[in-house]
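Examination of the molecular architecture
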Amino acid sequence: MRPSQALRSGGGDAPLGKYGKYLGTWGSMGSQTQKGVLSFSLSANRQRPLAGTLNAAIFNTWRRFSHQVLYFAPPLLIGYFAMGWAIERNEYLNSKAGRLEFGEDE
């Protein structure tokens, strides 16, 4: 026998199933109540979802930076000083003294 829609939705105390009894909805299956099960809740305005975020962000950023600085700082410094040298050399070669020393007469 197929249960009706009303019995499938959790209503009624009609005979049904192997033992002729509808067990009920989840949580009230006709058995004894459980003992020793506790549930706790915390009100929404007492929760602190961002507690310690700013402090952790500062120290985590410093930790990550200090572990990576030796990988990017030396090439950055080499590039910076090489570019400074190249700009200075270019300005000298395009000056009057640089043209007299290295340039050809036009």
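Residues numbered from 1 in each chain as written. Predicted model: local features only at pLDDT ≥ 70, side-chain atom pairs only at ≥ 80, totals over all residues. Heavy atoms only, no water.

Another point: the overall build of the protein. Helix and strand counts for the protein come out as three helices and zero strands. Counting from the amino terminus, helix and strand elements in the protein follow one another as α-α-α. For the protein, buried positions account for 4% of its 106 residues. Of the accessible surface of the protein, which amounts to about 10600 Å², a share of 60% is contributed by carbon and sulfur atoms. (Helix = DSSP H or I, 4+ residues; strand = E, 2+ residues; numbered from the N terminus. Buried < 20%, exposed > 50% of the residue type's maximum accessible area, 1.4 Å probe, protein only. Areas by Shrake-Rupley, 256 points an atom, 1.4 Å probe, with all protein chains shown as cover.)

All chains considered together, the criterion is met by three aromatic pairs. Taking the centre distance of 5.5 Å and the plane angle of 75 degrees together, the rings of Tyr-80 and Phe-81 count as edge-to-face. For the pair Tyr-80 and Phe-81, one class covers both residues: exposed. Taken together, the aromatic side chains of Trp-62, Phe-65 and Phe-72 make up a single cluster linked through ring pairs. The ring of Phe-102 carries Arg-89 above its face, with NZ or CZ at 5.1 Å from the centroid. (Phe/Tyr/Trp six-rings, centres within 6.5 Å; stacked < 30°, edge-to-face > 60°. Lys NZ or Arg CZ within 6 Å of the ring centre and 35° of its normal.)

On the surface, Trp-62, Phe-65, Phe-72 and Leu-76 cluster together into a nonpolar patch covering about 460 Å² of accessible area. A residue is classified by how much of its surface remains accessible, and Leu-76, at 57% relative accessible area, is exposed. (Patch = residues over 30% accessible without salt bridge, like charges linked within 9 Å, V, L, I, M, F, W, Y side chains within 5 Å. Salt bridge = Lys/Arg side-chain N within 4 Å of Asp/Glu carboxyl O.)

Don't take any of this as a statement about function, it's just geometry.
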